[in-house]
Amino acid sequence: MQNDRKYNRIKSFYVMIILIAVFCLCGCGNSKKIDAEEETTTAQTAGTVQIYHVEGTAVKPDGDVYQLKQPDNISAALEEVTEQLNKGKFFNIERFTVDENSNILFYVVEKQELTQEQILLNKAAIVKSVESLDVNDIAITLENVNGEEVETATYTDSSFYYVDDISED
């Protein structure tokens with residue numbers, strides 16, 4: 001009887017140690033999540049936008065947050081973002097249209113022959129760059145280097161799965 005009590009106390013002690021260890025380990029990743037939320041909030045301060053570009057096989061933010069000259073005018077803000085995005089080597093945004101519901105249609109032309117992965121990454125860079133503006137759907141019409149329309153599709157930021165966002169955990 002006394003052995004059973006002793007065994008139960010030891011068993012309870014080990015269970016408590018394991019529970020404490022689990023609770024301590026659960027809090028380990030929180031600082032990165034908070035930092036990511038603060039970065040997103042910083043990037044979306046009034047009159048600024050974070051421009052993204054393709055680097056290797058990932059969509060990365062440019063070094064600084066871009067200060068818009070006309071943040072209250074969606075067309076002017078998109079013109080500024082388009083200028084910044086066109087500095088890349090993969091594509092050129094020829095023009096865009098904005099309808100009354102703030103849906104955007106980008107007309108994008110490849111600057112060089114791109115793989116499907118490069119096309120997808122560049123679309124993600126466009127969407128991620130303009131998502132902080134007050135817009136709804138973002139459609140992209142893509143033309144290849146020969147001027148042939150390849151596709152038209154509508155995206156939101158949730159259309160893409162950003163591997164670089166989770167690889168830091």
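Look above for the structure.
Think of each chain on its own: its residues are numbered from 1, step by step along the sequence as written. Only residues with pLDDT of 70 or above have their local features reported here, since the model is predicted, and side-chain atom pairs are shown and tallied only from 80 upward, although totals for entire chains, interfaces and linings are computed over all residues. Hydrogen atoms and water are omitted, and side-chain values are computed over all heavy atoms in the structure.

1. Focus on the sheet that holds strand E5 (residues 138–143)
Pairing is mixed in the open sheet, where four strands are placed in the order E3-E4-E5-E6. For this open sheet the edge positions go to strand E3 (91–98) and strand E6 (149–155), each flanked by a neighbour on one side alone. Here the strands of the sheet are splayed against their neighbours by 20 degrees on average, with no regard to which way each runs. We treat two strands as partners when DSSP finds at least two bridges between them. We count a stretch as a helix when DSSP gives it H or I for four or more residues in a row; a strand needs E for two or more, and each element gets its number in order from the N terminus. Looking at chain direction, E5 and E6 are connected through six bridges and run antiparallel. Angular values range over 0 to 180 degrees, each being the angle between N-to-C directions of two axes fitted as lines to C-alpha atoms, with helices fitted over their stretch in contact.

2. Points about the nonpolar core
We define a nonpolar core as any set of buried Ala, Val, Leu, Ile, Met, Phe, Trp, Tyr and Cys residues linked to one another through side-chain atoms lying within 4.5 Å. Each residue is placed in one exposure class: buried if its accessible area under a 1.4 Å probe, protein chains only, is under 20% of its type's maximum, exposed if it is over 50%, and partly exposed if it falls in between. Membership of the largest hydrophobic core comes to 33 residues, with the highest contact counts inside it found for Val81, Phe106, Val108, Ile126, Leu133 and Ile140. Secondary-structure elements contributing two or more residues to this core are strand E1 (48–55), strand E2 (58–67), helix H3 (74–85), E3, strand E4 (104–110), helix H4 (116–130) and E5. Examining the composition of this core, we find that seven residues originate from one element, H4, more than from any other. For this analysis, residues touch if any pair of their heavy atoms sits within 4.5 Å. Setting aside anything within four residues of it in sequence, one finds Ile126 in contact with Leu85, Phe91, Ile93, Phe106, Val108 and Ile140.

3. So, the side chain of Thr82
Relative to the assigned elements, Thr82 resides in helix H3. Its relative accessible area of 5% is what places Thr82 among the buried residues. Contact partners of Thr82, with chain neighbours within four places excluded, come to Ile93, Phe96 and Phe106.

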